[in-house]
Amino acid sequence: MDITQHLATTLKTLRHDRGWSLSKLAEETGVSKAMLGQIERNESSPTVSTLWKIATGLNVPFSTFITPEADKQAVFDPQQQAMVVKPLFPWDETLKFDHFSITLAPGALSESTPHETGVIEHVVVISGELEMQLEGEWQTIPADSGIRFAGDKPHAYRNSSDRTVHFHSLIHYPR
């Protein structure tokens, strides 16, 4: 099963397991009913930002949607978007974390809606300079540096340079 089919099937299964209509899912995630229907029918691939909204609204790890059981190295690159997310480790139910390798194309901006209460993120820049907006302020994180922050508040990632930025993101969910 390819990654987009896995995403479509997973979304539909999670919605049905909760007994939710598409309208209820739209209300919980902030994503339009039309878009959610297109994703479930595998007619559209969401952006990383949209997928974060869906995962947060369903209260599931982001990797639930991008890591088919048969392919723990799946890469989520929706429609050749500017942010590419690759799981480094599969979702760990015991330790409650996702760990991703992420590239951000030159000039790219990715805004993240708040995750569930208590989520902590750790970002370590591998190459390039990543700009992050936390608490409304932009700060630059150079290569070989990192930052830890509350992921349950709005935050954004930006690459103002002309070179791809590579970073790792470890997301710890509360128990």
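For the structure itself, consult the block above.
Everything numeric in this text was worked out from a predicted model, so none of it was measured.

J.: Which parts of the structure should I look at to understand helix 1 (residues 3-18)?
T.: Each full turn of the α-helix corresponds to 3.6 residues, which orients residues three or four apart in the same direction. Helix length check: helix 1 (16 residues) gives 23 Å between terminal C-alpha atoms against 22 Å at 1.5 Å per residue, within 8%. Turning to helix 1, its buried residues number three or more, namely His6, Leu7, Ala8, Thr10, Leu11, Leu14 and Arg15. Those residues of helix 1 that are buried lie in contact with helix 2 (22-29), helix 3 (33-40), helix 4 (48-58) and helix 5 (63-66). Taken from the residues just after helix 1, Gly19 is the one with a positive phi, measuring 70°.

J.: Honestly, unusual backbone geometry in this entry has me stumped. Any pointers?
T.: Only a minority of non-glycine residues have a phi that is not negative, and only a minority of peptide bonds are not trans. For Lys96, which is not a glycine, the phi torsion comes out positive at approximately 60°. Topologically, Lys96 is positioned in the loop between strand 1 (83-92) and strand 2 (97-104). For Lys96, a relative accessible area of 18% puts it in the buried group. Here Asp144, not a glycine, exhibits a phi torsion of approximately 65°, which is positive. By the secondary structure assignment, Asp144 is in the loop between strand 6 (137-141) and strand 7 (146-150).

The rules behind each value
- Residues numbered from 1 in each chain as written.
- Predicted model: local features only at pLDDT ≥ 70, side-chain atom pairs only at ≥ 80, totals over all residues.
- Heavy atoms only, no water.
- Helix = DSSP H or I, 4+ residues; strand = E, 2+ residues; numbered from the N terminus.
- Expected span 1.5 Å × (residues − 1).
- Buried < 20%, exposed > 50% of the residue type's maximum accessible area, 1.4 Å probe, protein only.
- Contact = heavy atoms within 4.5 Å.

Function cannot be read off these values alone, since they describe shape.
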